[in-house]
Amino acid sequence: ATPLTSNSPHVVITAGPTREALDPVRYLSNHSSGKMGYALAAAAVAQGARVTLISGPVALPTPAGVTRIDVESAEQMHQEAMRLAPEATLFIGCAAVADYRSASPAEHKLKKQADRDTLTLTLIKNPDIIADVAALPAGKRPMVVGFAAETQQLEQYAHDKLNRKGLDMIIANDVSQAGLGFGSNDNAALLLWRTAQGTEHRLEAPQPKTQLAQGIIRQALALLSF
Ligand code: C5P
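- In the annotation of an unreviewed UniProt entry, the chain is listed under the name Coenzyme A biosynthesis bifunctional protein CoaBC and assigned to Halomonas colorata.

## Quick notes on the sheet that holds strand β1 (residues 10-15)
Next up, step 1: Reading across the sheet, the eight strands line up as β5-β4-β1-β6-β9-β10-β11-β12 and stay open at both edges, with mixed pairing between neighbours. The open sheet terminates on both sides in strands that have one partner only, identified here as β5 (66-70) and β12 (199-208). With direction set aside, neighbouring strand axes in the sheet form an average angle of 20 degrees.
Next up, step 2: Direction of pairing for strand β11 (residues 186-194) relative to β12: antiparallel, over a ladder of eight bridges. Within the sheet, the bridge partner assigned to L192 lies in β12 and is H201.
Next up, step 3: Sitting on the sheet, helix α2 (residues 74-84) is in contact with β1, β4 (50-55), β5 and β6 (90-93), with an inclination near 160 degrees to β4.

## Remarks on the side chain of Q207
Next up, step 1: Here Q207 lies in strand β12.
Next up, step 2: At a separation of 3.3 Å, a polar atom in the side chain of Q207 contacts the side chain of Q211.
Next up, step 3: Residues contacting Q207, with those up to four places away along its chain left out, are N185, D186, N187 and L212.

## Let's talk about helix α4 (residues 154-165)
Next up, step 1: Look at α4: 16 Å from first C-alpha to last across 12 residues, which is about the 16 Å you get at 1.5 Å a residue.
Next up, step 2: Buried within α4 we find L154, A158, K161, L162 and K165. Across the axial projection of α4, the buried residues extend over an arc of 105 degrees, all falling on one side.
Next up, step 3: The elements touched by buried residues of α4 are α3 (129-134), β9 (143-150), β10 (169-174), β11 and β12.
Next up, step 4: Just downstream of α4, G166 is the residue with a positive phi angle, here 70 degrees.

## Comments concerning the site of the ligand
Next up, step 1: Surrounding the ligand, one finds G93, C94, A95, V97, P127, D128, I129, I130, G146, F147, K161 and K165.
Next up, step 2: Between the ligand and P127 there is a distance of 2.9 Å, counted from a nitrogen atom to a backbone nitrogen or oxygen.
Next up, step 3: Residue F147 places a main-chain N or O atom 2.8 Å away from an oxygen atom belonging to the ligand.
Next up, step 4: The fraction of the free accessible surface of the ligand (450 Å²) that becomes covered by protein chains is 83%.

## Some details on the pattern of salt bridges
Next up, step 1: If you walk through the whole model with that rule in mind, you get nine salt bridges.
Next up, step 2: A salt bridge links R26 to D23; its shortest N-O distance comes to 2.5 Å.
Next up, step 3: On the basis of relative accessible area, R26 is assigned to the partly exposed category, the value being 33%.
Next up, step 4: R141 is the salt-bridge partner of D168, the closest N and O atoms lying 2.9 Å from each other. Of this pair, D168 sits in the loop between α4 and β10 while R141 sits in the loop between α3 and β9, and the two are 27 residues apart along the sequence.
Next up, step 5: You can call D168 buried: its relative accessible area is 18%.
Next up, step 6: Its relative accessible area of 28% is what places R141 among the partly exposed residues.

Criteria and thresholds
Residues numbered from 1 in each chain as written. Predicted model: local features only at pLDDT ≥ 70, side-chain atom pairs only at ≥ 80, totals over all residues. Heavy atoms only, no water. Pairing = 2+ DSSP bridges. Helix = DSSP H or I, 4+ residues; strand = E, 2+ residues; numbered from the N terminus. Axes fitted to C-alpha atoms, helices over the stretch in contact; angles between N-to-C directions. Contact = heavy atoms within 4.5 Å. Polar contact = N/O pair within 3.5 Å; in protein donor to acceptor, adjacent residues only side chain to side chain. Expected span 1.5 Å × (residues − 1). Buried < 20%, exposed > 50% of the residue type's maximum accessible area, 1.4 Å probe, protein only. Arc of directions from axis to C-beta. Near = heavy atom within 4 Å. Areas by Shrake-Rupley, 256 points an atom, 1.4 Å probe, with all protein chains shown as cover. Salt bridge = Lys/Arg side-chain N within 4 Å of Asp/Glu carboxyl O.

This is the structure:
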């Protein structure tokens, strides 16, 4: 790895799923493995960055040289992201954040009701972490890179998401392709980034997430002139 200096970029990455408590023993979550975010963290260290990983619950070892902050819920991830982002050079939102959480997590374990066959949960929207980071004022705003998992019209939806969330770059994955994306070791992606003229893009063929991560970090650091 390149030695760290005071000029080294600080890269903050969110990774993995979030867990939204329903009661003290149950939660809502998703199948994110964290592999892509952890691969990005390792690639950023290898390319000379100081790296902080804000991680939801995953079964992965912390890459060497990475500072890891463990969180569970979207609200906790949001809090750590807003604390760290103003000091960061580059923020990458790779976490599969739950869009909703329970409106009122039960204080005690929910009991099965003998007389009722249905149970209604009320959910409320979680904060959009990456959009809030992208909305930080100039001077406190890192370069912001997001992910998009799509099953169709990759470029169109990636473009929309880039604009809607105010991102600088987006990595769009086609999750309809078998053996790619969620949980797997390989990924294909469309990289789309803002330029002074508009946007540019590049298609990355299916490849190991570790290799794709290197290309994403290289592109982002190049845009930052590192
Ligand atoms: O809107 P969607 O979930 O498809 O956007 C995905 C991107 O937004 C990812 O970069 C993800 O990490 C980020 N995101 C976030 N906070 C949310 C939802 C998504 O940071 N609440």
